[in-house]
Amino acid sequence: MVERVPALERVPDSLRIASINVNGIRAAVRNGMLDWLESADIDIMALQEVRATAEQLHAVLPGWEIVNDEAVAKGRAGVAVVSRVAPQAVRTELGDDSIDSAGRWLETDFDLGGSTLTLVSAYVHSGAVGTPKQDAKWVFLDAMEQRMPQLAADGALALIMGDLNVGHRELDIRNWRGNVKNAGFLPRERAYFDRFLGEAGAPVDGVDGSTGTGLGWVDVGRRFHGEVDGPYTWWSSRGKAFDNDTGWRIDYHLATPALAERVRGYWIGRAASWDTRWSDHAPVVAEYAV
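Thresholds, definitions, all that
Residues numbered from 1 in each chain as written. Predicted model: local features only at pLDDT ≥ 70, side-chain atom pairs only at ≥ 80, totals over all residues. Heavy atoms only, no water. Buried < 20%, exposed > 50% of the residue type's maximum accessible area, 1.4 Å probe, protein only. Helix = DSSP H or I, 4+ residues; strand = E, 2+ residues; numbered from the N terminus. Pairing = 2+ DSSP bridges. Phe/Tyr/Trp six-rings, centres within 6.5 Å; stacked < 30°, edge-to-face > 60°. Lys NZ or Arg CZ within 6 Å of the ring centre and 35° of its normal.

Undergrad: Is there a simple way to explain the pairing of strand 2 (residues 44-48) in this structure?
TA: Every other side chain in a regular strand lies on the same face of the sheet, so the side chains alternate between the two faces. Judged by how many residues are buried, strand 2 sits mostly within the fold: 5 of 5 residues are covered. Because side chains alternate across strand 2, one face comprises the buried residues Ile44, Ala46 and Gln48, and the other comprises Met45 and Leu47, equally buried. One ladder, built from 5 bridges, connects strand 1 (residues 14-21) with strand 2; its direction is parallel. In the strand pairing of strand 2, Ala18 is matched with Met45. Of the strand pairs in this sheet, strand 2 and strand 4 (residues 79-83) are connected by 5 bridges, and their pairing is antiparallel. Bridging across to strand 4, Leu47 finds its partner in Ala80.

What follows is the structure in structure tokens.
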């Protein structure tokens, strides 16, 4: 029996925030997610690939405040924000009606002692070269590029979390040489991240040869870990990818500069072994001073 999660009666000095592609929330809970959640002491979770209704989410995560956005297709995608206190505002639109943001983009505003903290749970399309799936991914990434400056305006505290389905740099994929022509590591995809993370307002030369303008966001994981391989957040089910740590770092905390300065810690909740995993992605957790 899971006890009700206590509401925060005062503003804490820090928040522990996790992004998790659960690969189906009901399966994740059956396979041990709640044990991890109890030990991790999380305040807010951004979930992706939920594959569940609001009613089903409340059933498997009792006591939490939950807002979600379901995909149009049943049993697909789906994003949610799960928290100890309810958000003050919720938005699901990302651009016009031509963009498939259903179950892929959820913005929430939290009021913490008079400051607004905007948290986004995002699930970017996986894509597939030369198919409509890749076309949808380009449209979605374009919409993100338009929305991000609005979220970051006037020194705002904002955080985009999720399975963004792009490995930005060679450090982010163990077998990067074998994936330069595959969705998830295409130069054009990576160039979006060059701009997302480039100096705000400065010209940015993308890895694909394009030129754009930097948006100034911060990749919290890369800043925290430095110039090292990974650490990875997803591993293929093929072969012994998990055992050999042949992974991809595609789950992110992207923070505005003002919020990035408040990071106190960051870690990836990689399971101890293949058979103890409850998702094919690992939780990505950061602690932010508030």
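Undergrad: Got a minute to help me understand the packing of aromatic side chains in this structure?
TA: Pairs of aromatic rings are described using the distance from one ring centre to the other and the angle between the two planes. Scanning all chains against the criterion turns up 10 aromatic pairs. Geometrically, the ring pair formed by Trp138 and Tyr192 is stacked, given 6.3 Å between the ring centres and 20° between the ring planes. Remark: Tyr192 occurs in helix 5 (residues 187-197) and Trp138 occurs in helix 4 (residues 132-151); sequence separation between them is 54 residues. On the basis of relative accessible area, Tyr192 is assigned to the buried category, the value being 3%. Members of the aromatic cluster, connected to one another through ring pairs, are Trp138, Tyr192, Phe193, Phe196 and Tyr252. We note Arg270 situated over the ring of Phe242; from NZ or CZ to the ring centre the distance is 3.9 Å.

Taken by themselves, the reported measurements are silent on function.
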